[in-house]
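Below, each chain spelled out in residue letters.
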Amino acid sequence: MKKINALLYSSLLFCSMPYGTSCNKDSDIAEINNGENQISEKVITIHGTQSEESSSRMGYSDKTSGMEVTWSEGDVIYVGLKSQLADASIASRWQTYTLSSGSGEKKADFTGTGSWSTGNRLYACSCGDTKIYSTKVNNIYCATIDYKVAFDSSQKQTGNNNTEHLGSYDLQMASSLYTEGQDPTFTFKRYGAVLKFDITFPDDAIGENVQYIKIYSDRGEKIFVQKAYIPFDGSASSFDYTTDIRLSFSDVVVPADKKITAYMMVGVSNETDRLQGKNINLTVCTNDGTADRTYISTIKNTKAFEVGKKYTVTKQLISTKNLSTFFAGGDGLTEETAFRISSKEHLKNLAMLTNIGVLKAKYYYKVTNDIDLENENWIPIGVDSSNTT
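Worth saying up front: this structure is predicted, and the values here are computed from it rather than measured.

## Here we look at the overall build of the protein
Across its full length, the protein holds one helix and 25 strands. Every one of the 389 residues in the protein was classed for burial, and the buried ones make up 49%. Here the analysis covers contacts within the protein between residues at least 6 apart in sequence; of these, 75% occur between residues at least 24 apart. With an accessible surface of roughly 17,800 Å², the protein has 45% of that area assigned to carbon and sulfur atoms.

## Considerations on the pairing of strand E19 (residues 259–267)
Burial within E19 is extensive, with eight of its nine residues counted as buried. Sheet analysis places strand E14 (residues 192–200) next to E19, joined by nine bridges and oriented antiparallel. For Ile199, the partnering residue across the bridge sits in E19 and is Ile260.

## Thoughts on the pattern of salt bridges
Taken as a whole, this structure holds 11 salt bridges when the rule is applied. Of the charged contacts, one joins Arg274 and Glu271 as a salt bridge, the two residues approaching to 3.0 Å between their closest N and O atoms. Through salt bridges with shared partners, a single ionic network connects Asp204, Glu208 and Arg293.

## Focus: helix H1 (residues 344–355)
The end-to-end C-alpha distance of H1, which contains 12 residues, comes to 16 Å, matching closely the 16 Å that a straight helix rising 1.5 Å per residue would cover. By the burial criterion, the buried members of H1 are Lys344, His346, Leu347, Asn349, Leu350, Ala351, Met352, Leu353 and Asn355. Along its buried surface, H1 packs onto strand E20 (280–287), strand E21 (292–299), strand E24 (339–341) and strand E25 (365–367). One or two positions beyond H1, positive phi appears at Gly357, with a value near 90°.

## Here's the deal with the sheet that holds E21
Pairing within the open sheet is mixed, and its six strands lie in the order E11-E18-E15-E20-E21-E23. Single-partner strands in this sheet number two, and they are strand E11 (155–158) and strand E23 (318–319).

## Comments concerning the packing of aromatic side chains
The final tally for this structure, using the stated rule, is 10 aromatic pairs. Seen from their ring centres, Phe239 and Tyr241 are 6.1 Å apart, and the 45° between their planes marks the pair as tilted. The burial state of Phe239 is the same as that of Tyr241; both residues are buried. Among the aromatic side chains, those forming a connected cluster through ring pairs are Phe327, Phe339, Tyr363 and Tyr365. When the ring centre of Tyr216 is taken as origin, the NZ or CZ atom of Lys214, which lies over that ring, is 4.8 Å away. We note Arg246 situated over the ring of Tyr212; from NZ or CZ to the ring centre the distance is 4.3 Å.

## A word on the environment of Asn287
Topologically, Asn287 is positioned in strand E20. In the structure, Asn287 is positioned 79 residues away from Glu208 in sequence and 5.6 Å away in space, judged by C-alpha atoms. One polar contact links Asn287 to Asp292, side chain to side chain, over a distance of 2.8 Å.

## Remarks on unusual backbone geometry
For Asn138, which is not glycine, the phi dihedral falls at a positive 55°. Structurally, Asn138 can be placed in the loop between strand E9 (133–137) and strand E10 (140–146). Positive phi outside glycine occurs at Asn139, with the angle close to 70°. When you line up the elements, Asn139 lands in the loop between E9 and E10.

## Here we look at the confidence of the model for the protein
Chain-level pLDDT for the protein is 80 on average; 80% of the residues reach the 70-or-more range. Low confidence marks residues 1–40, where pLDDT is under 50. Its contacts with residues over four positions away, or in another chain, come to 140 contacts. For residues 385–389, every residue scores under 50 in pLDDT, and the model assigns this stretch 10 contacts once sequence neighbours within four places are set aside.

What counts, and where the lines are drawn
Residues numbered from 1 in each chain as written. Predicted model: local features only at pLDDT ≥ 70, side-chain atom pairs only at ≥ 80, totals over all residues. Heavy atoms only, no water. Helix = DSSP H or I, 4+ residues; strand = E, 2+ residues; numbered from the N terminus. Buried < 20%, exposed > 50% of the residue type's maximum accessible area, 1.4 Å probe, protein only. Contact = heavy atoms within 4.5 Å. Areas by Shrake-Rupley, 256 points an atom, 1.4 Å probe, with all protein chains shown as cover. Pairing = 2+ DSSP bridges. Salt bridge = Lys/Arg side-chain N within 4 Å of Asp/Glu carboxyl O. Expected span 1.5 Å × (residues − 1). Phe/Tyr/Trp six-rings, centres within 6.5 Å; stacked < 30°, edge-to-face > 60°. Lys NZ or Arg CZ within 6 Å of the ring centre and 35° of its normal. Polar contact = N/O pair within 3.5 Å; in protein donor to acceptor, adjacent residues only side chain to side chain. pLDDT = per-residue confidence, 0-100.

Printed below as a string of structure tokens:
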């Protein structure tokens, strides 16, 4: 997978700026003189670079400060003009440039064919092996990235502490002005962030197959980016949101040290207040060979994600196998053995377990004390995406 974090070629005279800036007229073709500077299609080498502040991209070596990245064999960049875009896969509309040198490096060369003219404003994008689509939003063409966070099409990690899947959801874009006889250089900008999970399971989870991680708003609010629409003209992006995001697993078993490390690419919204300061529930589902098991935790007072950064969630999980531990006693199976609720913490546990789907069966509950919520911002029992009960 791609591992990008490339340096600028200072020796090139070709004008190259991060996506969204301009070094001349921001049009497909500028300064055309009776066709004299038109060229026929030929093999062209382009240079793919990353800005110095980039800290997360494809193929990733996990560092304390971020994700160290370099290019890899098989990486491709799509290059073309805005006038060539349509509501279709960008690969079907633009030229494909494949890595020709620089594998394992922070700067790389890509080779393909093109028929550009001096003065053409070229646009480039890359997102691993994922098909990127252009979509018109408010009459402006945008690169569309689906972060695949839904249950039926989620990102999937193969193996513990593996980052290979991240590149397929890490969109980056750039633009550059073409001059005949000079190799174009693109300085890419990214639009996602990396969410890392360092999770410890209880002792009795050893050997279980990990199926997925899910994080979701404790109030059923749509706070996570599901799709991002990034305009090629540099104007403001737009987003589709969802209440929860999940990461699926393949070949991940809870090891003897009970720790797994997982990574998810997440979209970054310009509406920071959607996520800032919110409380999030964390659920991990496993299978012990006979039945699914659920482990939970909470993430309090979250930060709004920023582009290109890595965020680490470190949690000790609690098993929902013994539900009585969430109450003052009882097993909830009969009126005589009802779960006893004697504090606001027990009441909050009832809301949390109900809202994450653990308490699906018929259970009995008995409130044994007067409970004062002490003006706490109460999360309804049975919350849905509309915050109703």
